[in-house]
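Survey of secondary and tertiary structure
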Amino acid sequence: MSPAAPPPSLIQALRTETAELHVALEKRLPFFSEQLDLDLYQRLMAAYYGFYQPLEQRLHVLALIPTGLDQSLRIKLPVLRADLKALGLDETAIEALPTCQALPRIDSRAAALGVSYVLEGATLGGQILRRRVAGQLGLDASSGAAFLNVYGELTGRRWKDFLQYLGDRNLGDAQTLEVTRAAKATFTHFEHWLDSQKVLL
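These figures come from a predicted structure and were not determined experimentally.

Turning to the packing of helix α1 (residues 10-28) against helix α7 (residues 173-196), a few remarks are in order. Relative orientation and spacing of two packed helices are given, respectively, by the angle between their axes and the distance between those axes. In the contact formed by α1 and α7, the axes pass within 9 Å of each other and the chain directions differ by 10 degrees. Taken together, the axes of α1 and α7 lie roughly parallel to each other. On α7, the residues that touch L10, A13, L14, E17, T18, L21, H22, L25 and R28 of α1 are T176, V179, T180, A183, K184, F187, T188, F190, E191, L194 and D195.

Put into structure tokens, the structure is as follows:
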């Protein structure tokens, strides 16, 4: 009788469980559509803000970010606000933007880790989107596209550090399930929110 295969690592489990949702959302984002113009881009960034603002706030208030992961280095909201200002919104307009109320459930450190996996992965993917926005709209970090390059030259290093952090977690099956469930919920809630803001294809 052959020995049982070892359980998948946390990173493998996250990649496998979220792959379909990730691809589905990517196909609907308008970054590579001919429809992408300054107006749509502004509305898209406003919709991103409407999701990130309450989600980052919840992660901060609940203080559930696992020990050893410096969340203060990974907050995206101030950069998003700066982009919206560069795109023509003032403080009053930004404060008036709708925010998502249907957020993924974050009730444990494992769930917070699943949410963080999606946010950090999106930051890595921003590198490709940044080049597209520069070519299509002529925007850079000073004119409304800083969010897509929020970590700058540290993007690759911070993603590797995050994967290393995941790889070092010794979670049981129940906690691994919590992490993957939260990651999937983050993709689902994000897509539903962007859909409600009419910025998806």
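Taking 1.5 Å of rise per residue, the 24 residues of α7 would be expected to cover 34 Å, and the 34 Å separating its terminal C-alpha atoms lies within 8% of that figure. By the burial criterion, the buried members of α7 are T176, V179, T180, A182, A183, T186, F187, F190, E191, W193 and L194. If you follow the buried residues of α7, they end up packed against α1, α2 (38-62) and α5 (109-137).

This part takes up the pattern of salt bridges. Oppositely charged side chains can form a pair if their charged atoms are brought close together. For the structure on display, the rule yields eleven salt bridges. With its nearest N and O atoms 3.4 Å apart, the salt bridge here joins D39 to R43. Of this pair, D39 and R43 both sit in helix α2, four residues apart, which is roughly one turn of that helix. Salt-bridge contacts for R81 lead to E95; the nearest nitrogen and oxygen are separated by 2.9 Å. Of the two residues, R81 sits in helix α3 (residues 77-86) while E95 sits in helix α4 (residues 91-95), which places them 14 residues apart along the sequence. R81 gets classed as buried once you look at its relative accessible area, which sits at 17%. On the basis of relative accessible area, E95 is assigned to the exposed category, the value being 56%.

A few words now on the side chain of T180. Among the secondary structure elements, T180 is positioned in helix α7. Among the polar contacts listed, one links the side chain of T180 to the backbone oxygen of L177, at a separation of 3.1 Å. Leaving out residues up to four positions away in the same chain, T180 has contacts with A13, L14 and E17.

On to the packing of aromatic side chains, then. For the structure shown, the criterion picks out eight aromatic pairs. A ring pair is formed by F51 and F190, whose centres lie 4.8 Å apart and whose planes are at 35 degrees; its orientation type is tilted. Pair noted here: F51 is in helix α2 and F190 is in helix α7, with a separation of 139 residues, a long-range link. Taken as a pair, F51 and F190 share a single burial class, namely buried.

Unfilled space is identified by rolling a water-sized probe across the atoms. In this structure, the largest pocket encloses a volume near 690 Å³. Lining the largest pocket are 29 residues, with H22, E26, G121, A122 and G125 sitting closest to its centre. Elements supplying a minimum of two residues to the lining of the largest pocket: α1, α2, α5 and α7. Ranked by the residues each element gives to the lining of the largest pocket, the list is headed by α5, at eleven residues. For the lining of the largest pocket, the class distribution of residues is 20 nonpolar, six polar and three charged.

Where α2 contacts α5, the two axes come as close as 13 Å, and the packing angle between them is 160 degrees. Relative to α5, the element α2 lies roughly antiparallel. Here α2 runs over α5; the crossing is left-handed. Where α2 abuts α5, its residues L38, Y41, Y52, L55 and L59 lie against A112, V115, L119, A122, V133 and L137. Across the contact of α2 with α5, the residue classes break down as eleven nonpolar, no polar and no charged.

Definitions and limits used
- Residues numbered from 1 in each chain as written.
- Predicted model: local features only at pLDDT ≥ 70, side-chain atom pairs only at ≥ 80, totals over all residues.
- Heavy atoms only, no water.
- Axes fitted to C-alpha atoms, helices over the stretch in contact; angles between N-to-C directions.
- Helix = DSSP H or I, 4+ residues; strand = E, 2+ residues; numbered from the N terminus.
- Parallel < 35°, antiparallel > 145°, perpendicular 65-115°, else oblique.
- Contact = heavy atoms within 4.5 Å.
- Expected span 1.5 Å × (residues − 1).
- Buried < 20%, exposed > 50% of the residue type's maximum accessible area, 1.4 Å probe, protein only.
- Salt bridge = Lys/Arg side-chain N within 4 Å of Asp/Glu carboxyl O.
- Polar contact = N/O pair within 3.5 Å; in protein donor to acceptor, adjacent residues only side chain to side chain.
- Phe/Tyr/Trp six-rings, centres within 6.5 Å; stacked < 30°, edge-to-face > 60°.
- 1 Å grid on protein atoms, 1.4 Å probe; cavity = no way out; pocket = protein on both sides within 12 Å on 5 of 7 lines; lining within 4 Å.
- Points joined across faces, edges and corners; volume = space filled by probe spheres on them.
- Nonpolar A, V, L, I, M, F, W, Y, C, P; charged D, E, K, R; others polar.
- Left-handed = near helix turned anticlockwise from the far one by under 90°.

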